[in-house]
Amino acid sequence: MTTYRTTEEVREGFEIYDERFQAMLPAGAKLLKHYTGTEWAEGPVYISNDDCLLWSDIPNDRMMRWSDAEGDSVFRQPCGYTNGHSRDRQGRLVSCEHGGRRISRTETDGTVITLVDNYQGKRLNSPNDIVVKSDGSIWFTDPPYGILSDREGHKAESEIGANYVYRLEPDSGKLDIAGDDFDMPNGLCFSPDESLLYISDTGEPGHIRVFDVADGKRLINSREFAVVRPGKPDGFRCDSDGNIFTSAWDGIQVYSPQAELLGKILVPEQRTANCCFGGPDKKRLYIAADHSMYSVVLNARGDQTP
Ligand code: MG
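Residues numbered from 1 in each chain as written. Predicted model: local features only at pLDDT ≥ 70, side-chain atom pairs only at ≥ 80, totals over all residues. Heavy atoms only, no water.

Q: Would you mind showing me how to read the pairing of strand 5 (residues 52–57) here?
A: Along any regular strand, the residues point their side chains to alternate faces of the sheet. Most of strand 5 is tucked away, with 6 of its 6 residues classed as buried. Of the two faces of strand 5, the one lined by Cys52, Leu54 and Ser56 and the one lined by Leu53, Trp55 and Asp57 are each fully buried. The hairpin formed by strand 4 (residues 41–47) and strand 5 contains 4 residues between the paired strands, and Asp51 there has a positive phi angle of roughly 45 degrees. By the bridge criterion, 5 bridges tie strand 5 to strand 6 (residues 62–67) in an arrangement that is antiparallel. Note on strand 6: the bridge partner recorded for Leu54 is Arg65. Hairpin connection from strand 5 to strand 6: 4 residues lie between these consecutive antiparallel strands, with Asp61 at a positive phi of about 50 degrees. (Buried < 20%, exposed > 50% of the residue type's maximum accessible area, 1.4 Å probe, protein only. Helix = DSSP H or I, 4+ residues; strand = E, 2+ residues; numbered from the N terminus. Pairing = 2+ DSSP bridges.)

And the structure:
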């Protein structure tokens, strides 16, 4: 597969259904392709203190790195078939690993430690996506995609026999089930004030649900937020106004907090997987899609910290 070091402009555009999405697009907004060469790109995470993006190339068991200053490089290989990533409040990278069937954390000295790899003695399936709440708790989904075959991990039977959403207190190691009625729980993201948690299900029916967060730690009042087509909503992030930027197979779809589809950022790949905000002002939306990594600079500002 060819690797292009040079950023190139993509001619595909935007579908604008609402003036609120129009307002998110600076004049001359364009999608930029920064890298091609992954087999299945996922898990983009922006590293603010290094002004770079890290993301996963799951079947090749590697993490990639890209920055404006230095272009692309392999950040870590092997990497335990990582999928989703986030950073905790201290800026440490926390990662979902299909291969290790664990949540790992990369310490400031570069060592990688296990935060959790089992629930009540049974191995996790293959953690998929992850967010960190302001209280330090780590929330992640655990569908079996990484153990269904050897392509994205190691083929194995599920020990737990169910696909849960978990809440982890990393200091004590306390792990609780936060959601137990999903087919294939996948992407997740808090609203800016953390009163809501959005979680996608990429099994049936292929939608995003939203929950109220009670007492800062329990999910209540489940309701359907949006059915996302074509494809499924694999991963998503909020901007500071609470709009949802979710993947679908045709690119990134932007929903208002009231679940109105405001517009689309069309991505010329078969399946767009995930996105995150980055750049010094958090206005650049990075997009991981199939073989490539893209970005578009918006007027919208990401809600991610740090
Ligand atoms: Mg995912």
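Q: Help me understand the nonpolar core, please; the structure alone is not making it clear to me.
A: Side chains of a nonpolar character, in soluble globular proteins, are inclined to be buried together. Phe245, Ile265, Leu285, Ile287 and Leu298 are the most contacted members of the largest nonpolar core, which totals 19 residues. Looking at this core, the elements with two or more residues in it are helix 1 (19–24), strand 24 (251–255), strand 25 (261–266), strand 26 (272–278), strand 27 (284–289) and strand 28 (292–297). With 3 residues, the single largest contributor to this core is strand 27. When sequence neighbours within four positions are dropped, the list of residues in contact with Leu298 reads Met24, Leu25, Pro26, Phe245, Phe277, Lys283 and Leu285. Among the nonpolar cores identified, the runner-up in size contains 17 residues, and Val94, Ile130, Ile138 and Ala162 belong to it. (Core = buried A, V, L, I, M, F, W, Y, C linked by side-chain atoms within 4.5 Å. Contact = heavy atoms within 4.5 Å.)

Q: What exactly am I supposed to notice about the confidence of the model for the chain here?
A: Parts of the model with low pLDDT should not have their predicted coordinates read in detail. When pLDDT is averaged along the chain, the result is 95, and 95% of the positions lie at 70 or above. Throughout residues 1–5 the model reports pLDDT below 50, and contacts reaching past four residues in sequence, or to other chains, amount to 16 contacts. (pLDDT = per-residue confidence, 0-100.)

Q: Even after reading the chapter, I still don't get the pairing of strand 4, so can you show me in this structure?
A: Most of strand 4 is tucked away: 7 of the 7 residues are buried. Relative to strand 5, strand 4 runs antiparallel, the two being bridged by 5 bridges. Following the sheet pairing, Glu42 is matched in strand 5 by Ser56.

Q: Help me understand the sheet that holds strand 22 (residues 236–238), please; the structure alone is not making it clear to me.
A: Within a beta sheet, neighbouring strands are joined by backbone hydrogen bonds and run either parallel or antiparallel to one another. Spatial strand order, 2-25-24-23-22: 5 strands in an open sheet with antiparallel pairing. The outermost strands of the open sheet, each flanked by one partner alone, are strand 2 (14–16) and strand 22. For this sheet, the mean angle separating the axes of adjacent strands, direction not counted, is 20 degrees. Here strand 22 runs beside strand 23 (residues 244–248); their pairing, made up of 3 bridges, is antiparallel. When the sheet's bridge partners are listed, Phe236 is paired in strand 23 with Thr246. (Axes fitted to C-alpha atoms, helices over the stretch in contact; angles between N-to-C directions.)

Q: Just checking my understanding: could you explain the packing of aromatic side chains for this structure?
A: The relation between two aromatic rings is expressed through the spacing of the ring centres and the mutual angle of the planes. If you walk through the whole model with that rule in mind, you get 11 aromatic pairs. Ring geometry for Tyr35 against Trp55: centres 5.6 Å apart, planes inclined by 70 degrees, an arrangement best described as edge-to-face. Residue Tyr35 is located in strand 3 (residues 31–36), and its partner Trp55 is located in strand 5; the two are separated by 20 residues in the primary sequence. Each member of the pair, Tyr35 as well as Trp55, carries the same accessibility label: buried. An angle of 40 degrees between the planes, with centres 6.0 Å apart, marks the rings of Phe182 and Phe211 as tilted. Pair noted here: Phe182 is in the loop between strand 17 (174–179) and strand 18 (185–190) and Phe211 is in strand 20 (residues 207–214), with a separation of 29 residues, a long-range link. A relative accessible area of 8% places Phe182 in the buried class. The class of Phe211 is buried, set by a relative accessible area of 5%. Aromatic ring contacts, followed pair by pair, group Tyr119, Phe140, Tyr164 and Tyr166 into a single cluster. (Phe/Tyr/Trp six-rings, centres within 6.5 Å; stacked < 30°, edge-to-face > 60°.)

Q: Help me understand the pattern of salt bridges, please; the structure alone is not making it clear to me.
A: In a structure, side chains of opposite charge can pair up when their charged atoms sit close to one another. Per the stated rule, a full pass over the model turns up 21 salt bridges. With a closest N to O distance of 2.8 Å, Arg92 and Asp88 form a salt bridge. Close ionic contact of Arg209 with Asp181 constitutes a salt bridge, the shortest N to O distance being 2.9 Å. Pair noted here: Arg209 is in strand 20 and Asp181 is in the loop between strand 17 and strand 18, with a separation of 28 residues, a long-range link. (Salt bridge = Lys/Arg side-chain N within 4 Å of Asp/Glu carboxyl O.)

Q: What exactly am I supposed to notice about the sheet that holds strand 10 (residues 102–106) here?
A: The 4 strands are arranged 8-9-10-11 in an open sheet whose pairing can be described as antiparallel. Pairing within the sheet leaves two strands with one partner each, and these edge strands are strand 8 (82–87) and strand 11 (112–116). Neighbour to neighbour, the strand axes of the sheet diverge by 30 degrees on average, direction disregarded. With 5 bridges joining them, strand 9 (residues 93–97) and strand 10 adopt antiparallel strand pairing. Paired with Ser95 across the bridge in strand 10 is Ser104.

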